[in-house]
Each structure stands twice: as structure tokens, then as C-alpha cells.
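# An overview of the molecular structure
What follows is the residue order along each chain.
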Amino acid sequence: MDDFRSARKQQIAETRTSLDRADSRLARAAPDCGSTSVRLPSPALCLGVVWALSAVACAGAAPPQPPRDPVTLTIGIPQSRQVDPRHGASTLAGQIAFERLTANDAEGRTQPLLLERWTVAEDGLTWRLVVRPGVRFHDGTELTAADVKRTLDDAVASPDDRALSVCLGYIADVAAQGDLEVLVRLTRRCSYLLDDLDQPITRMATDGKTRVGTGPYSIVSSSRDEITLQANRNYYLGAPMIDRVVVRPYDALRKAWAEMMRGRVDFLWEVGPDTAEFLKDQSEVEVRSFLSYYAYAVMLNSARPTFREPAVRRALNLAIDRATLVQQGLKGRGVPAYGPVWPPYWAHDRGAPAMPYDPRAASALLQARPGGPIAFTCLVPANFSILERLALLVQRQLSDVDVRVRLESLPSDAFNRRVVAGDFDAVLLPILGGPLATTYHRFWHSPTDFPRWNFWGYRNGLVDVALDTALAAPGERQFSEAIRQFEAAVHDDPPAVFLAWSQTVQAVSRRFAIPAENDGRDAIHVLGRWLLRSPGGGAR
Amino acid sequence: MSTLRVRFAAMLATAAVVPLLTYGAVSVYSLREGTRRSVVDGNLNVARQVGEQVRRYISTNLQILQALAADLDNTGLSIDQQDRILKNYVLRFPEFRELTVFDGSGRPVVTSRLGEAGVKVPPDSSATLYGVRMSPVYVDDDLLPTALVAARFGRADRQGGWLVGEFSIEELWRLTDRIHIGSFGYAMVVGPGGELLAHGNPDGRSRVARGANLGADPVVAALRRERVGTPVVDEPLREDGERVLAVGVRVPELDWMVIVEQPTREAYSVARRQERELIAAISLALLVMVLAGLVWGRSLILPIRALIRGTEAIADGRLDERVHIESKTEIGRLGDAFNRMADRLVDLQENVRKQERHAMFGRVAAGLVHDLSHPFKNIQNNCRLVVKMHNDPEYLDLFRRTIDREFALIKRVFEDLRNIARPMPIERFPLDLNKLAGDVAESMRANAETAGLSLAVDLAPGPIFVEGDVFALSRVLRNLVLNAIEATPPHGVITIGSEATGGSARLRVSDTGCGIAPAQLDTMFEDFNTTKRQGLGLGLAISKKIVDQSGGTITATSEAGHGTTFVVEFGRIPQPAVNISF
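Attention here is on the structure that accompanies the text.

Rules of the game
- Residues numbered from 1 in each chain as written.
- Chains lettered and ligands numbered in written order.
- Predicted model: local features only at pLDDT ≥ 70, side-chain atom pairs only at ≥ 80, totals over all residues.
- Heavy atoms only, no water.
- Patch = residues over 30% accessible without salt bridge, like charges linked within 9 Å, V, L, I, M, F, W, Y side chains within 5 Å.
- Areas by Shrake-Rupley, 256 points an atom, 1.4 Å probe, with all protein chains shown as cover.
- Salt bridge = Lys/Arg side-chain N within 4 Å of Asp/Glu carboxyl O.
- Lys, Arg positive; Asp, Glu negative; His and termini not counted.
- Charge placed at Lys NZ, Arg CZ, Asp CG, Glu CD.
- Helix = DSSP H or I, 4+ residues; strand = E, 2+ residues; numbered from the N terminus.
- Phe/Tyr/Trp six-rings, centres within 6.5 Å; stacked < 30°, edge-to-face > 60°.
- Buried < 20%, exposed > 50% of the residue type's maximum accessible area, 1.4 Å probe, protein only.
- Lys NZ or Arg CZ within 6 Å of the ring centre and 35° of its normal.
- Core = buried A, V, L, I, M, F, W, Y, C linked by side-chain atoms within 4.5 Å.
- Contact = heavy atoms within 4.5 Å.
- Expected span 1.5 Å × (residues − 1).
- Arc of directions from axis to C-beta.
- Pairing = 2+ DSSP bridges.
- Axes fitted to C-alpha atoms, helices over the stretch in contact; angles between N-to-C directions.
- Disulfide = S-S within 2.5 Å.

## Describing a positive patch on the surface
Residues and elements named next belong to chain B. On the surface, a cluster of positive charge is made up of R5, R298, R305 and R309. Sorting elements by how many residues they give to the positive patch places helix α7 (residues 269-315) first, with three residues. By secondary structure assignment, the location of R309 is in helix α7.

## Focus: the packing of aromatic side chains
All names here are of chain A. A full pass over the atoms with the stated rule returns 23 aromatic pairs over all chains. Ring plane angle 75° and centroid distance 5.0 Å describe the contact between F307 and F376, whose orientation is recorded as edge-to-face. With F307 in the loop between β14 (285-300) and α10 (310-318) and F376 in strand β16 (residues 375-381), this pair connects stretches of sequence that are 69 residues apart. The buried category is assigned to F307, whose relative accessible area is 0%. On the basis of relative accessible area, F376 is assigned to the buried category, the value being 4%. Arranged with centres 6.2 Å apart and planes meeting at 35°, the rings of F443 and W456 form a pair that is tilted. Within this pair, whereas F443 is found in helix α15 (residues 438-444), its partner W456 is found in the loop between α15 and α16 (461-471), the two being separated by 13 residues in sequence. Grouped by ring-pair contacts, the aromatic residues F443, W444, W453, F455, W456, Y458 and F498 constitute a single cluster. The lysine or arginine in question, R188, covers the ring of Y170, its NZ or CZ lying 4.9 Å from the ring centre.

## Quick word on the nonpolar core
Ranked by internal contacts, the top residues of the largest apolar core, which has 108 residues, are F376(A), L398(A), I58(B), M134(B), I169(B) and W256(B). Counting residues per element, this core draws most heavily on helix α1 (residues 3-74) of chain B, which supplies 14 residues. Those residues in contact with M134(B) that lie beyond four places of it in its chain are I58(B), L62(B), S126(B), A127(B), L129(B), A147(B), L148(B), V149(B), I169(B) and W256(B). Ranked by size, the runner-up nonpolar core spans 79 residues in total, among them L115(A), V184(A), A205(A) and L471(A).

## Here's the deal with helix α5 (residues 145-157) of chain A
All names here are of chain A. With 13 residues, α5 extends 18 Å between its outermost C-alpha atoms, agreeing within 8% with the 18 Å of an ideal straight helix rising 1.5 Å per residue. Of the positions making up α5, those classed as buried are A145, D147, V148, T151, L152, A155 and V156. With its buried residues spanning 170° around the axis, α5 presents them on a single face. Among the structural elements, β5 (126-131), α6 (159-164), β6 (171-177), β7 (181-186) and β8 (203-204) are those in contact with the buried residues of α5.

## A short note on the environment of A103(A)
All names here are of chain A. Looking at where A103 falls in the secondary structure, it is placed in strand β2 (residues 102-104). A sequence separation of 422 residues divides A103 from H525, and the C-alpha atoms of the two residues are 8.8 Å apart. Not counting chain neighbours up to four residues away, the residues in contact with A103 comprise R109, T110, Q111 and L113.

## Some points on the pattern of salt bridges
On inspection of all chains with the given rule, the structure shows 52 salt bridges over all chains. R117(A) is paired through a salt bridge with E116(A); the nearest N and O atoms lie 2.5 Å apart. Its relative accessible area of 34% is what places R117(A) among the partly exposed residues. In this structure, the salt-bridge partner of E98(B) is R113(B), at a minimum N-O distance of 3.4 Å. Here E98(B), found in strand β1 (residues 96-102), pairs with R113(B), found in the loop between β2 (108-111) and β3 (127-129); they are 15 residues apart in sequence, far enough to count as distant. On the basis of relative accessibility, which here comes to 0%, the residue E98(B) falls in the buried class. Each of R304(A), R406(A), E408(A), R418(A), D423(A) and D425(A) takes part in salt bridges that share partners, so that together they form one network.

## A look at the sheet that holds β7(A)
Residues and elements named next belong to chain A. One open sheet accounts for four strands, arranged β4-β5-β7-β6; its pairing is antiparallel. Strands at the two margins of the open sheet, each flanked by one partner only, are β4 (115-120) and β6. Ignoring strand direction, the axes of neighbouring strands in this sheet form an average angle of 15°. Here five bridges tie β4 to β5, and the two strands are oriented antiparallel to one another. Residue R117 lies in a different strand from β5, and its bridge partner there is V130.

## Looking at the state of the cysteines
Residue and element names in this part refer to chain A. Throughout the structure, instances matching the rule amount to one disulfide over all chains. Here C167 is linked by a disulfide to C190, with a sulfur-sulfur distance of 1.6 Å. The S-S bond linking C167 to C190 shows a torsion near -70°; that makes this disulfide left-handed. Taken as a pair, C167 in the loop between α6 and β6 and C190 in the loop between β7 and α7 (193-196) lie far apart in primary sequence, 23 residues in all. Taken individually, C167 and C190 each receive the classification buried, so the pair is uniform in this respect.

## Focus: the sheet that holds strand β8 (residues 186-190) of chain B
Residues and elements named next belong to chain B. Taken in spatial order, the five strands of this open sheet run β9-β8-β12-β11-β10, and their pairing is antiparallel. If you trace the sheet from one side to the other, it starts and ends with β9 (196-199) and β10 (232-234), each paired once. Sheet twist, expressed as the average angle between the axes of neighbouring strands with direction ignored, equals 20°. The pairing of β8 with strand β12 (residues 256-263) spans five bridges and is antiparallel. Looking across to β12, one finds that M188 is bridged to I259. Contacts from helix α3 (residues 170-178) reach β8, β9 and β12 within the one sheet, and its direction differs from that of β9 by about 45°.

Written as C-alpha cells, this is what we have:
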């Protein structure tokens, strides 16, 4: 516990330092000579700036700068390409406007956001959450412990939220102590608590009609065609440079892209891998990519006799040439996936053995089992060309080891119903692999007290033990060891055929510069810290 | 500018400058045209290669479709097998994103899609290439260029059936992306109707997504007019104000167009640089040539001009003029020769002057001796005689007259000498030449009669007024008459005449003597020049001086054996208001 507490303290201190550095005025004003990232100026540059400023001071006061025109950022969302409905226009607007207690860095570590810090009692049953002071909602009211308590109480009481979480069910009590402290008492140790408290902190505005958050932008209007957000001038990390954000859905990527070329869209949330290569050389658009949290996988229904045996599931994994899948299915924009843990995750075992491509070994395993060749039906969501292509590639590769796969394309609603009901042999879908550790518990732990998302009936005692250990881990070391064990158990008894982690590609107008510390992550998360590029190319 | 300099400049221009300029102009023109042609040809080659690659790419894939259709048509496969084949094909040939078999009624039979087929049979109006029906290219929702292609089945049970594919032509974009001409050049692919299918400039690709049509583009329009295989070259001005070199070719069979564009500032940069270098080199050569010409010309012309000045100075009598030409060439030798010649002339002139002085002194001495010896002899004789006859009053009177006469003669000789050395002052007044001539004739008649001659007067009617000194002109006339008397044998005639014509008045003294040789006519008015046995020969010289001082002229004409005529001419003046007579 001491190790865990000290590790957490060190983590918090490092985070606070990095956040202070990130929201310093100097970082905001750092000149950028054409690169896409913002960096602190070199000492020589600082010296030059000081000299120049002193020269100006000696010459007399500089004339006041004329007010600049309001800057609007328009985000285009091709709705038809939504794999995750959470990335629809309204969802995206909510992410911008409503913040959560914590955020995740590039390695998936939990970082303070609306919480300033937190401490855990030695027995792991009491969490003291300290709310960041000086944070205001969009209507000007101050964020207090009472708001946090209310949100957590709502989450605990919500069956949907509980279904997504692990620790909410272990919360015994949430109490506000003073204006800024919240005490959460658990019935058992749960290291995922902050992951499960990943709730947007909102309140009803004083007008009693609208819901307000604490984000860098507030929603001012919403219609079918677009959602408009206004900059929060009282944002605790500093007023955003962009005055207005418009989120606009499009039913086709082409339309969104055409609008971008016309200058009416500044940011495309997702660009398919097919077109990304043609966009990367555009002089007015910056194409950036990061490894998605989702891995494409063929989820095998372990409840079905075909997949009850781990050897069969291992054989199917051995029969897949993931490199070819990435190249042909994702046009090279992705990395092979060998397990359920997001590769950049801080606790991921980077030394874990990867599942090799060994069709001979796969055939041997399959032939060793009684019964004839395996045949099964794989459900595929309709109208997703990437999934269709991957499905065909998987089908072909499995046919090489005499596994017959019938592909069945279903509309999204029917697909979801069948998945939730467990009415399938296999499904091809993108599965969340991070950054929240609760994800692993959600998808891979055997169902216990409350519903989980383990629709494929996967049961592995070692996996359960590992995940339970991670859940109760008192410190980082124990936690990462538990995750390592989890990965090893999954490697030996894979619940699915993990195919590839996809890359999400975004296109941003070069009018804007995204802070460098956000490289490798979704740029939306730091929208409040985007910078404007001056006509000469430097960020301001 | 001197003629020599002009000629030298003309020679330099003709021999060097003009040929160099001509060569330069021809070279610049050839270079410009040659390099531009090579740039155009280079870009045309690129366009042709791109066109050929596009054609091959399209034809290859259409042939694949045809082959697949033939396989499906002829092999009697089950639906499942066809399904497998179609799915394998879309995996193996990623250009085909979907393959669907349609029956004769247009219903889909089997598809590579997991769900329902997304394609339809292209309409009858679609183009047919390599036996495959192909729809116009369009940009799909994934922003990729796509076309529907359909191969017809021929077997009886498939009559009218089709194998339709969704053909993604993204390789077309990759192909144009790889085309870089210089740093700013790119290629475009345009459809038969002007639709932009591919744009090699990443910033221009958005125009494809927006469905840009280049039908109005001059290069596209020209290509559509031309036959296949005829390239088009143009230099249009683009919307951003940049002029580009655009070359275009039509792709055979597809009827697409490939256009390669490159900003002229880059396309012709090498040519322009070479042109500038050539012009600079030629200009430098020209400058060097002109400078060399100036230097050499100067080294040639200056000595010649010096020689000219020296010669003119010598001709003007300035024998001290010398030229300074420092040259080891013929010009230098010519200068040296000139200087030597001038030195020699000075010496010769000095010798001539010495000789003339000697001659003159001799004549003067001889004349003096001659003119003075007789009077001195007479005086001497009479002085001896008066010693003896000093008591004879008659002789004393004769002695006095003789002495007076001889001293008057001596005095006249001295006066003549003085008049030559220092001209006597002349006072000019209006005088009547006729009166003067009459008076002199009257005074000299006795002298003429004594010599056995007749003195006639032939005067023009009326007074003839001139400006002159009466005494000086009277002396001139008397001198002329005396000379005539001395030159005419007895029984001859001496005539004094006058005439006035226009603004001139002339006095004439003619005789019928022996005449004067032509050689002597030229020198007879010079000092100490006489043909007489006695006298200094100053009479005519003094007469000429007087006439010159009076503003007139005196000339002589003579015919040997027939006589001589002296003419004194003055400018005539109107009769004065007050008649000055003497």
C-alpha cells in the first residue's frame, strides 16, 4: 500500500508539473516556425525575444493590437463511417463540453483533470478525491464536491453505468466533505475506481433547462445539421484560442472532404485508410494518425461446441497472417494485434510472445481434434468496407487450413442484437482494448455479480484470477504484474482471433496547430489548447 | 570624327562586331528554341508514358474482368463456387472492390459482397473498351475514383447476363502522384467529357473530389479537337496567375487525356539561364573586342594624325614641327623618316636663305657700286678739276650743278634703299587718275623724245577718281615710263592709258620694246631684281609696295620682241563733293 501510495503521489506530482507546463502562457505564445507541434522556445530564442522586447520598451509602448476576428473551427463527422456510435456528432460535442474527473495520457495512465489529486487509504477501501479548485461550470457556478457526489451517486444508481463498470458495484458510500473533498467508501478494494468514475461532470444550468459542463466549450445550439459550441472564457486552464466550434455530421466522407477543400470544414475526425495516403501531401491539410483503442478481432463464441476447446481457438490464431491483413485490409495503417491489451498501454507486457503465423501448426492442432473440418458462420456488420475486406481475408486464410467460414452480413441493429444475445458462432468487430483497465474486466472476465460484456462466453480461471488481482492491486507493480499474467493467460487460451489494431486518421486544416504533447492521441481531447497558426506558419 | 577613325570603326564593325552580333543572335535564338523544344519534348514523353501506363492499367484490369467472366461462363460452377471465386478475386485484385454476377433480367445472382450487391449493370450508353462496358469515372464516398465495369456472358443459359465490377482506379492517383516534373510540375488525367480524374498535385486533388470539369480548359479543348496521337502544346495562364507549360496527349482507346503541366518559370529556367550566360559571354566578347579595337585603333590612328599634323605644319612653313611616334612598326619608322625629312628641310632652307642673302648682298653691293661709282667718279673728277679751275666762274657754276646733280642721284639711291627697308608713309586722298597720267606724261615727254621715242596718251573720258597718294603714285607712273623708255629702242612708242570699268580704274603703260622673258615676269617685282646693267633693281619693287599700300594691284604682260604693258588697278570711288586738285 505504501508503494502504491508513493507511486501514485509521484505520478500525480509528475502530472501536475506537466499540466502546469502545458497550460503556461509561454507554451501558448511559443513561436512555431512551420512545424505542426508547439515547443518551448530555445534559450537563444528567449534571449532574442527578451532583447527585442526591451528594445521595444525603450522605444516606447507598442501600439495596441487590433482585435482579431472570431475564429471558428468546424469539425466534420462522416456519420456513416461510425464504428463506435460514441463518436457521433452529439457524442463528440458532449466530449468537448463535458469534462470528467480524470483523463488518460498517451500510455493510458489516469491523470487528474477535474480532480486535483486523490489518495487511497491503506486498506484500499476509502478514496479521498480532491476537486480542482477554481473550476466553474459554463453558467459560472463553481464546481464543488457536491457536484461530484451527485454525479457519482447517479452513476451508481444507473444500471447502464453499472453494466459498463466494475467498481461502481463496490461503492458503499459517496460523501462530500467541504467544498472540494469527496470520500468514496468501497466494500472491497478496487483499483479501477477512477476508470469507472469516468463520468461527465455536469449540472443543470440556472435556467433549469440546459445541462452545463466545465469543458473549454459550451454547447450553445444544437440541430440536426450542426451543433455549435462557444469558447468558455473562464476555463480554468485558460481561455481557448478558438472562439467557436461547430460540429457537423455528413452522411459521406466525400461530402465532408469536399467541404474541407472548400474551406468550410477544418477538422475531419476520421479519414479512412484508403484515402489517407492521398491526403497526406496536401499543403493546406495536416494528416495525423494515432493508434486506435480498438482492435479488429473475430470474437469466438466459447459457448458453442466448435470453440469450446482452447486448442481450436489457438489454431485459428496461428492460421492468421496478420501482416498481410494489415497490408491488404488496412492499407498498412495498423499494427498486428496478438491480444486484447492496447499496445501503448503502460502496463502492457512488451515482452509477451506474439502469436506467430504458423498455418502448419494450426493444421496440426485442428487435425488432432476429433471430428471433421471446422465450419462456422461469422457475423459482419453491413456496409463497413474495412470489416468486409478483413472478413474476406480471414475467410481465405482460414480456408487454407481447411476451416470453412461463412460470412453473414447484418445491419447494425440486427448485428448488435445477435451479439448481445450471444446468438452467433463468431463475430468480426472492433473491440475496445484500452485505455481503461476496466475494459479487460468488462470483456474477458467470467460473468459474476452483475452483467458484463463478455457476450462470447469466454471463461478462463487464470484470466479471472489475473484480472481480480489487478482489480485489487495495491500498487502499480502489482497491477502491471497482474496484467502480464492476464495477457499470458489469454495468449494460451485466446478468446478471439485478434487481427490488428487500426490507426485512426484525422485531417486538420493547417490554420490550426495541435500541441505536440498530444501526439499519438485524439486531437479532440486537447481542443481547448489548440493554437492558431499565423499566416507565416508559426503558431500563436 | 576623322575619316580615318570612321573607317577604322567601320572596319572593326564589319570584320568583328557585326559577325559576332549576328552569331550571338543566331546562337541565342537557336539555344532558346532548342532548349524549349527539348523541354516540350521531354514533357510530351512523360505525358505519353503516363498515357500508356494508364491505358495498360485499365486494359489489364478489364482483361482480368473478361477472363473472370469467361471462367464463370464456361466452367459450370455452382453458386458457392462462384461466390468463392468472386471473393478470391476481390482479395487478389484489390482494384475490384466488388464483383457481382447478374442474370439476364438484371437480378444479382452472386456477389463478392457479404451483404447485398452494391453495383448495377452500367447503362447501354456507357463506353465499351476491350469488349467491356465501362461507366464514366466518378468519385465514390471514400473519395476514390471508381467506375463500374461489366463483361457480358455469352453462354446460352446466361444470355444477357453480366459480370459487373466496382473498379477502383486509385492506382491512377498513385500513378499521377509519382509523376514529378521538376519541383512544381505534375500530371493530370482527364476523362472524355473533361471530367478531372486524377491530379498529380496534392493540392489540386480536391478538385477531383469536387467533380471539377476541365472542358473549358484550352488544352483539353484542343485535345478534343485533335486526332488521337496529335499532341497539344500551350502556355496558358492559370487562375493563380502562374503561366504554365501544358502538354497533352490523348490516350488511345480510352479517349482520356493526359496533361502534364509545369510552371514556365521552372520549365524554361535552364534555358533562360543558358541564354543569359550566352548573352553575357557574347556581350563580354563584344566589349573586349571593342576595347581591343579602340586600343589598337588608337595606336594606329594617333601616329597617323601626328604625321598629318606634322606634314601640315611643314606645309605651313613651321619647319620646327616634329612628330613623336614611339613604335617599332612601320609607323614608327615613318615618323622617324618624317623627322629626318623636316630636319633636312630646315637645313636646306637655311642654306637657301644664306645663298639668297649672299646673292642679295651681292646685288645690292653691285648695284650700289654701279649706281654710286659714276656719281662718285664724276664728283671726284670735278673735284680734281675745280682745284684747277676754281677761278672759272662758268666752271664753278657747272661744278655746282654737277655736284648737285650727282648728289641728288646718290640721294635718290639712298632713298630707294630706305624705301625698301622702310616703306614710306602713304596718305590717301581722292585723286583723278587721268590728271595724274597727263601730268606724268607731260613731265616725261622730254625724256622720251631724247631717247628717240614717242610718248602717247590714251585716257578714258572724264575724271577717274581713286584713293591714293598723288606723289607716290606719280613716282610709280614715272618709274614705269622710265623703264619703258629704257626698254624701247628708238622710233618706238610708249603709251600711257587709263580706263574705268565697273568699280575698277586702271592705268596702263605700254611700250614697243623687246619685251620681258616669262621667267622674269614672275620675279620682276622682287627687291634687287633687275635686268639692267646698272641700278639696284628696286624701282619695280618700290612701285609694287606703293601700289599695295594704296590698295591696288600691279601686273605686267609682255611679248618678246613686241613690248610690255604694265597695268595698275585700283578700286574706283565716286567723284568727291569737293574737287581736290593739285
